[in-house]
Amino acid sequence: MLIRLTVKDYVLIDSIELSLDPGFTVLTGETGAGKSILLGAISLILGGRSDVGSIKAGASRTDIVAEFDISNLPLVCAFLQDGELGVDDCVLRRVVDTAGRSRAWINGIPVTVKQLKALGALLIDIHGQHEHYSLVDASTHTQVLDSFGNLSNSAELVGSAWKNWQSEKIKLNQCLEQSEALKQKTEELRQTQRELDVLGFSDKEWLQTLEQHRKASNINELIDAANQSVHMLGDGKQNILSILANVRSKLAGVAEIDPQVDIMLGDIEGLEIQLGEFSRDLRRYAESLDFDVGLAETLDRRITEVQRCARKYGVKPDDLDEMASNVRDELEKISLSTDLDELQRAEARVRDTYMEAARQLSSDRGSSCVGLTQKVNLALADLAMSGVQFEARLVPNAEPGVTGLEQVAFYVATNPGAEAKLVGKVASGGELSRISLAIQSVVHQDSSVPTVIFDEVDSGVGGAVAEIVGRMLKTVGRRAQVLCVTHLPQVAALGDSHWKVSKAQSKTASSTRLQKLKSRECVDEIARMLAGEVISEQAKAHARELINSAST
């Protein structure tokens, strides 16, 4: 709740400090005293629009500080913790200078106005003629209905089931994406495998092909060399074998003379035998050589095909055999069915859990809509708004969501026979205040927003209705801190705390002042509200009577 508010140099305020109590607090004062100015300062600290015109004349800046007790506010604590803004305290500060610069802090840490506004929405709810209402924000209606129907726990279960479902969907979608990628990769690998199978490549075959290609490309040179060698060895007139025979004959004629010659003669005979065998082998080789143009072209095509395939896959021809083996191994490792099937089953289970909880919540919300509609309309009738018809409706979502299968929307028809429209579209500021009060009065669970401010809630009512307004406010004040700007003595008499707003004027300036009233001062202020400036003893007696009746 709001425990302290300090305002400096804001419009007509020089410097004020309010130490606020829990329960129902009323703010009273004459018209023009500055009650709306005070609410404007609160709106500014909650992230409202800044305006240099709000700076008090002669001052360089306006400075507003609000301190809150957040000991029982887990949402606020979570916000502060998530933003690394501290968790033990909650102090908001806003400064606007004459240059139009606006600065904001939370617990002394600079923040954006957007952050200030987000936190402010968790701390204070203003209903009235100003710019900050929760009632016109349709996103809050579901929470209000769930609170009324004791459905908050069910809504949390639905939200938890939704998160579980989304988590499983993410896993499944990721697997599906991976599966598609694996399918594509598998097809690519299979295409590669088919191409390599058609190629029929092996390292041994590649070496043989290169060897054959070299031979076929140089066949003429081989034939010429072989034929010429055969001719020189034995077919020519001056061939090597005939020369060796002559040498052997000459040596045989003198072998008897010198034994050493006989030894060399044996060497010559052995050399003749070897060259004879070599000559026969060379002749057979020469005869085997055949110039085959078709073979050379076939080998050219084969080499070109292998090199093209190697270039396509970015490897050397020698590595194609290893690549084919790797493709086979990778295809064996890929499995698309096991994980995907299990994830599909898991996603279906959590989806069914969510849908079951969400459908039950929808049914319970439908019943709660009927009950809330009836009770709010009864409360509106008590507030002299019997011509206004309120209706809580379920609006189906296009898709299931974290809040369930629908959103809750509050509709009103402000006149008999008029078409009901969203409450924020047709209700005036004063009507919004009383509609909100009616709703607040029938929603008995703890309020998620600890401080509620009502302005103009008593506009156009009086007498017994004014007392009903006051008692409704007091009822709401038992579970939330309520601040109410009022002109009605019947409402003021019911306040747990009473602040008076007044204006001090001099010849050169005016200023707004606030005073927390004591018991006797409360009597005087309520008497003034009853009788005007001239306060009679009869007015005081009436004021005491109102205060005494408020305590019963």
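Conventions used here
Residues numbered from 1 in each chain as written. Predicted model: local features only at pLDDT ≥ 70, side-chain atom pairs only at ≥ 80, totals over all residues. Heavy atoms only, no water. Helix = DSSP H or I, 4+ residues; strand = E, 2+ residues; numbered from the N terminus. Contact = heavy atoms within 4.5 Å. Axes fitted to C-alpha atoms, helices over the stretch in contact; angles between N-to-C directions. Parallel < 35°, antiparallel > 145°, perpendicular 65-115°, else oblique. Left-handed = near helix turned anticlockwise from the far one by under 90°. Nonpolar A, V, L, I, M, F, W, Y, C, P; charged D, E, K, R; others polar. Core = buried A, V, L, I, M, F, W, Y, C linked by side-chain atoms within 4.5 Å. Buried < 20%, exposed > 50% of the residue type's maximum accessible area, 1.4 Å probe, protein only. Pairing = 2+ DSSP bridges. Polar contact = N/O pair within 3.5 Å; in protein donor to acceptor, adjacent residues only side chain to side chain.

1. A word on the environment of Ala550
Point 1. Mapped onto the elements of the fold, Ala550 is located in helix 18 (residues 537-550).
Point 2. C-alpha of Ala550 to C-alpha of Ala493: the two residues are 57 residues apart in sequence and 6.4 Å apart in space.
Point 3. With residues near it in sequence (within four places) discarded, Ala550 still touches Arg471, Lys474, Ala493 and Leu494.

2. Quick notes on the packing of helix 2 (residues 74-82) against helix 3 (residues 113-123)
Point 1. For the pair helix 2 and helix 3, the least separation of the axes is 9 Å and the interaxial angle reads 165°. In terms of orientation, helix 2 lies roughly antiparallel with respect to helix 3. Seen from above, helix 2 lies across helix 3 with left-handed handedness. Seen from helix 2, the contacting residues are Leu75, Val76, Phe79 and Leu80; seen from helix 3, they are Gln115, Ala118, Leu119, Leu122 and Leu123.
Point 2. Among the residues forming the contact of helix 2 with helix 3, the class breakdown is 8 nonpolar, 1 polar and no charged.

3. Describing the nonpolar core
Point 1. By size, the foremost hydrophobic cluster in this structure holds 51 residues, and its most contacted members are Leu372, Phe390, Ile435, Leu437, Val469 and Leu473.
Point 2. Residue contacts for Phe390: discarding those within four places in its chain leaves Leu372, Thr373, Val376, Asn377, Leu380, Phe410, Tyr411, Val412, Ile435 and Ile439.
Point 3. If you look at the next biggest cluster of nonpolar residues, it comprises 44 residues, including Val7, Leu27, Leu46 and Val76.

4. Comments concerning the sheet that holds strand 10 (residues 404-413)
Point 1. Here we have 3 strands laid out as an open sheet, ordered 9-10-11, and antiparallel in their pairing. The open sheet terminates on both sides in strands that have one partner only, identified here as strand 9 (389-401) and strand 11 (421-422).
Point 2. As paired elements, strand 9 and strand 10 share 9 bridges and run antiparallel to each other. When the sheet's bridge partners are listed, Ala392 is paired in strand 10 with Phe410.
Point 3. Sitting on the sheet, helix 4 (residues 141-148) touches strand 9 and strand 10, and the angle it makes with strand 10 is about 95°.

5. A few points about the side chain of Gln481
Point 1. Position of Gln481 relative to the elements: it lies in strand 13 (residues 481-485).
Point 2. Here the side chain of Gln481 touches Thr451 through a polar contact of 2.6 Å, side chain to side chain.

The quantities given are spatial measurements derived from coordinates; they are silent on function.
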